[in-house]
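# Tertiary structure, described
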Amino acid sequence: MKISTRQILAFVTIARQQSFSQAANVLRVTQPSLSVLIRDLEQTLSVSVFDRNTRGVRLSQAGMQLLPTAERILSDLQRLEETSGDLSGLADGEVRVACSSVLASGALPIAIRKFGEDFPGVRIVIRDTAEQNLVELVRNDLVDFAIATRVETDPRIVQQMVQTDQMAAYVAPDHPFAATETIAWRQLGDTPLALLDRNSPLRHIVDKTAGQLGIWLNTRYEVTFGTTALALAEQGLAVAILPANAMRNDHSFRCVRRIMVKPQTQRGIMLIRLANRKPVAAAEKFWAYCKHQLSEESAFDLRAKTRPQDRAAQ
């Protein structure tokens, strides 16, 4: 006769309760049926696991030696059930993820393809929107998670850094700044700028840097999307201040990128989700795929001369 899970559960429960009757109540079985389970277990093991007397029941010497093993078996079985439940949750379902247009055209589709190869039954729903909308989508539980610029500490959300990039200036090929390797923030002077609107976390980085340096920025245009700022820069109407990855996947703009220095200002790219809600299995697994893809991307080349679109523009 083989040892059954019910016998192990009965043994561990009686040991914890130190009473057959109380263990029967916990397991919602009759006391005689519990006694049968223990009797069959003892026959299989050829040892007595409990010492019984008028005052109750206690573990025998053999029972004390066997209890840790029995508890580990139950713990392993519980983890097995939890894991199988997670895997069954990946057979189908839906994951809602929000990100900016730049990431929606770069790292995210690659992560979706890889995830889809492993879990074809799960549908990924994309909310590509302006940076300033991403965190609110998470806070309002409209998406499972977002890929967004780091925001100030908020107990309502969990943020995990997956990548960093630097702030850069994008200029027309014939702009004086195109002849330099980098641009210091103070060099901007009275130069007309195209910046994202004041609600954008990327704009917060620009304003914070200017404030720390005590310089005034000539904000000629405030826009919602980086592509609008790039179009203005391409026409020589302004210098666009955006992250260094703004043209990573878009070669349609004839702009030259120059990294902003003194100071060299970084922005963190984060995975963001609600802090007080356990994600469903599919969302948690896709979070891991996005984290891996963003972390595995090679460091973006910060020297403008190495970028094909920059060479073409010059």
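You'll find the structure just up there.
Notes on the structure in this doc start here. Sequence order as written defines residue numbering, which begins from 1 separately in each chain. Totals for whole chains, interfaces and linings use all residues, but because this is a predicted model, local features are given only for residues with pLDDT of at least 70 and pairs of side-chain atoms are given and counted only at 80 or more. By convention in this description, side-chain values take in all heavy atoms of the structure and omit both hydrogens and water.

Right, let's get into the overall build of the protein chain. Starting at the N terminus, helices and strands are each numbered in turn, a helix being any DSSP run of H or I of at least four residues and a strand any DSSP run of E of at least two. Across its full length, the protein chain holds eleven helices and twelve strands. When a residue's accessible area, from a 1.4 Å probe over protein chains only, is under 20% of the maximum for its type it is buried; when over 50% it is exposed; and in between it is partly exposed. Within the protein chain, the fraction of its 314 residues that count as buried is 45%. Taking the contacts inside the protein chain whose residues are at least 6 apart along the sequence as the reference set, 74% of them involve residues at least 24 apart. Reported accessibility uses the Shrake-Rupley method at a 1.4 Å probe radius. Residues are deemed covered only where the shown protein chains occlude them. Accessible area for the protein chain stands at about 16700 Å²; split by element, carbon and sulfur atoms hold 49% of it. We call two residues in contact whenever any of their non-hydrogen atoms come within 4.5 Å of each other.

What follows deals with helix α1 (residues 5-17). By definition here, a helix of n residues has an expected span of 1.5 Å times n minus one. Taking 1.5 Å per residue, 13 residues should reach 18 Å; α1 reaches 18 Å between its end C-alpha atoms and fits that length. By the burial criterion, the buried members of α1 are Q7, I8, A10, F11, V12, T13, I14 and A15.

This brings us to the pattern of salt bridges. One side-chain nitrogen of Lys or Arg within 4 Å of one carboxyl oxygen of Asp or Glu is enough to make a salt bridge. The tally for this structure, following the rule as stated, stands at 13 salt bridges. R198 is the salt-bridge partner of D207, the closest N and O atoms lying 3.7 Å from each other. Counted as one network, the salt bridges with shared partners bring together R198, R203, D207 and E222.

We now examine the side chain of Q7. Topologically, Q7 is positioned in helix α1. Exposure remark for Q7: the relative accessible area of 4% places this residue in the buried category. A distance of 3.1 Å separates a polar atom in the side chain of Q7 from the backbone nitrogen of S4. We call two N or O atoms a polar contact when they sit within 3.5 Å, provided that within protein one can donate a hydrogen and the other can accept it, with sequence-adjacent residues counted only if both atoms are side-chain atoms.

Bringing a nonpolar patch on the surface into the picture now. On the surface, a cluster of nonpolar side chains totalling about 200 Å² of accessible area is made up of I3, L45 and V47. Mapped onto the elements, I3 comes out in the segment before α1. Each patch is built from salt-bridge-free residues with over 30% relative accessible area, joining like charges within 9 Å and nonpolar side chains (Val, Leu, Ile, Met, Phe, Trp, Tyr) within 5 Å.

Now for unusual backbone geometry. Cis peptide bonds are those with omega within 30 degrees of zero, and the linkage from K262 to P263 qualifies with 5°. Within the secondary structure layout, P263 lies in the loop between β11 (256-261) and β12 (266-274). The backbone of S46 shows a phi angle near 65°, a positive value even though the residue is not glycine. Inspection of the secondary structure assignment puts S46 in the loop between α3 (31-45) and β1 (50-53). Of note, the phi angle at D141 is positive, near 60°, even though the residue is not glycine. By the secondary structure assignment, D141 is in the loop between α7 (131-139) and β5 (145-149).

Attention now goes to the nonpolar core. With 39 residues, the main nonpolar core has Y170, L188, I241 and L242 as its most contacted residues. Where this core is concerned, the elements lending two or more residues are β6 (157-171), β7 (182-184), β8 (193-196), α8 (201-213), α9 (226-234), β10 (239-243) and β11. Tallying contributions element by element places β6 first for this core, with five residues. Residues enter a nonpolar core if they are buried and are Ala, Val, Leu, Ile, Met, Phe, Trp, Tyr or Cys, with the set joined through side-chain atoms within 4.5 Å. A104, L108, F119 and V162 belong to the second-largest nonpolar core, a separate cluster that totals 25 residues.

All right, on to the packing of α1 against helix α2 (residues 20-27) then. What describes two packed helices is the angle between their axes and the distance between those same axes. Lines fitted to C-alpha atoms define the axes here, with helix axes fitted over just the stretch in contact, and angles between the N-to-C directions of these axes take values from 0 to 180 degrees. Orientation of α1 relative to α2, taken along the N-to-C sense of each, is 125°, at an axis distance of 8 Å. Classified by the angle between their axes, α1 and α2 sit oblique to one another. For the element pair α1 and α2, the recorded crossing hand is right-handed. Residue-level contacts link L9, A10, T13, I14 and Q17 of α1 to F20, Q22, A23, V26 and L27 of α2. The cut-offs work like this: below 35 degrees is roughly parallel, past 145 is roughly antiparallel, 65 to 115 is roughly perpendicular, and the gaps in between are oblique. We call a crossing left-handed when the near helix sits turned anticlockwise from the far one by less than a right angle, and right-handed when that turn is clockwise.

Note on aromatic contacts: the rings of Phe and Tyr and the six-membered ring of Trp form a pair at centre separations within 6.5 Å, being stacked when their planes are under 30 degrees apart, edge-to-face when over 60 apart, and tilted otherwise. Under the counting rule described, the total for this entry stands at eight aromatic pairs. Relative to Y289, the ring of F115 has its centre 5.2 Å away and its plane inclined at 90°; by these criteria the two rings are edge-to-face. Remark: Y289 occurs in helix α10 (residues 281-296) and F115 occurs in helix α6 (residues 107-118); sequence separation between them is 174 residues. Among the aromatic residues, ring-to-ring pairing joins F115, F119, F145, F286, W287 and Y289 into one connected group. Placement of a charge over a ring requires the Lys NZ or Arg CZ to be within 6 Å of the ring centre, with the centre-to-atom vector within 35 degrees of the ring normal. Above the face of the W287 ring, R273 is positioned so that its terminal group lies 4.0 Å from the ring centre.

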